[in-house]
Amino acid sequence: MAKAVLGIIGGSGIYDLPGLENVVEKRIESPWGEPSGPLVMGEVAGLPIVFLSRHGTGHRISPSDINYRANIDVLKRVGVTDIVTLSACGSFKQELPPGTFVLIDQFVDRTYRRESSFFGTGCVAHVSMAHPISPRLRIHIAEAARAEDIGVVHDGTYVCIEGPQFSSYAESMTYKQAGYSVIGMTNMPEAKLAREAEICYASIAMVTDFDCWHPDHDAVTVQDIVKVLVENAEKAKRLVARLARDFPREHEPCPIGSDRALDNALITAPQARDPALLKKLDAVAGRVLKG
Ligand SMILES: CSC[C@H]1O[C@H](OP(=O)(O)O)[C@H](O)[C@@H]1O
Ligand SMILES: Nc1ncnc2[nH]cnc12
């Protein structure tokens, strides 16, 4: 069985991960361009951990400008088997107030100006996104939360908007009426790309605000969000530390096949494949393209 390597993508307010041992910072090159920054690689009780700040140091990169392909590619290159992402989000439900942690189980993708696949002309692949979250990973997060006495909501739908502007009132009401739980700007196409790269993925959405549908909250402001973010960050880091301590050291096969997503996804005939694209796919699809 392969060794587990836990990747943590830190979103707004989570720019570092304290408590790692034997830390080294590595700049990994990617054929997909510049990742958000160097990888912070360390260990927790022998488990390799790789941390990446999604928006870069000082929150430099906007959601639309994050190079999600490069980020996932470099995590794959260093052997990450499982990604847990920490993401700030707005809430559409009264019962999910600021401070709530939601273990997302579904996504709706409303982004429109991002590269959302490693594949394309010269090597076409279609992976399933029916169940975008790897259930075992989500269970480990829930167990870590229980052990740390951190309340989490066990499911929720995250709608990902393009941003960087927050939603209009009409958009906010539409998403609320559709039954979505939370809103953010980053988990798509990140989750899609993780699936294409056969990395298990789970998202901890940390509610920072009620978006603008809420009668008591006229407009979302970054200032208000940051206040809650600071409160959430300590809890989030404690949750991740416990997850790392208790995480299995061997990678467990994903029950829904997230880690074998490419087994039946490639459709381009071998003789029609573009060698230049295949070269770029060496890390994310090497397992199925070799031989
Ligand atoms: C600072 S609020 C808006 C910002 O926060 C979220 O980012 P992340 O998921 O990386 O925590 C949201 O999606 C926006 O990008
Ligand atoms: N209301 C909101 N909409 C989109 N992204 C967010 N991130 C945090 N709060 C948000």
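No experiment lies behind these values; they were computed from the predicted model shown.

### Some thoughts on the packing of aromatic side chains
1) Next: Summed over all chains, the structure comprises six aromatic pairs.
2) Next: Centre to centre, the rings of Phe-107 and Tyr-158 are 5.5 Å apart; their planes meet at 75 degrees, and the pair counts as edge-to-face. Of this pair, Phe-107 sits in strand β7 (residues 106-110) while Tyr-158 sits in strand β9 (residues 157-161); the two residues are 51 residues apart in sequence, bridging distant segments of the chain. Each member of the pair, Phe-107 as well as Tyr-158, is classed as buried.
3) Next: Ring centres of Phe-210 and Trp-213 lie 5.8 Å apart, and the angle between their planes is 85 degrees; on these two criteria the pair is classed as edge-to-face.
4) Next: A relative accessible area of 7% places Phe-210 in the buried class.
5) Next: Clustering of aromatic rings is evident, with ring pairs tying together Phe-92, Tyr-175 and Tyr-180.

### Digging into the UniProt feature "binding site: substrate" (unreviewed entry) in the chain
1) Next: Cross-referencing UniProt, the feature "binding site: substrate" (unreviewed entry) maps to Met-185, Asp-209, Phe-210 and Asp-211 in the present numbering.
2) Next: Considering the arrangement of structural elements, one finds Asp-209 in strand β11 (residues 200-209).
3) Next: Residue classification places Asp-209 among the buried positions, given a relative accessible area of 10%.
4) Next: Contacts of Asp-209, omitting those with residues within four sequence positions, involve Cys-89, Gly-90, Ser-91, Pro-98, Val-220 and Ile-225.
5) Next: Structurally, Asp-211 is set in the loop between β11 and α5 (222-246).
6) Next: Apart from residues no more than four positions distant in its own chain, Asp-211 is found in contact with Gly-90, Ser-91, Phe-92, Ser-167, Ser-172, Ile-183, His-217 and Val-220.
7) Next: In this structure the side chain of Asp-211 is engaged in a polar contact, spanning 2.6 Å, whose partner is the side chain of Ser-172.

How each quantity is defined
- Residues numbered from 1 in each chain as written.
- Chains lettered and ligands numbered in written order.
- Predicted model: local features only at pLDDT ≥ 70, side-chain atom pairs only at ≥ 80, totals over all residues.
- Heavy atoms only, no water.
- Phe/Tyr/Trp six-rings, centres within 6.5 Å; stacked < 30°, edge-to-face > 60°.
- Helix = DSSP H or I, 4+ residues; strand = E, 2+ residues; numbered from the N terminus.
- Buried < 20%, exposed > 50% of the residue type's maximum accessible area, 1.4 Å probe, protein only.
- UniProt positions renumbered as here; feature names shortened; annotations may be inferred.
- Contact = heavy atoms within 4.5 Å.
- Polar contact = N/O pair within 3.5 Å; in protein donor to acceptor, adjacent residues only side chain to side chain.

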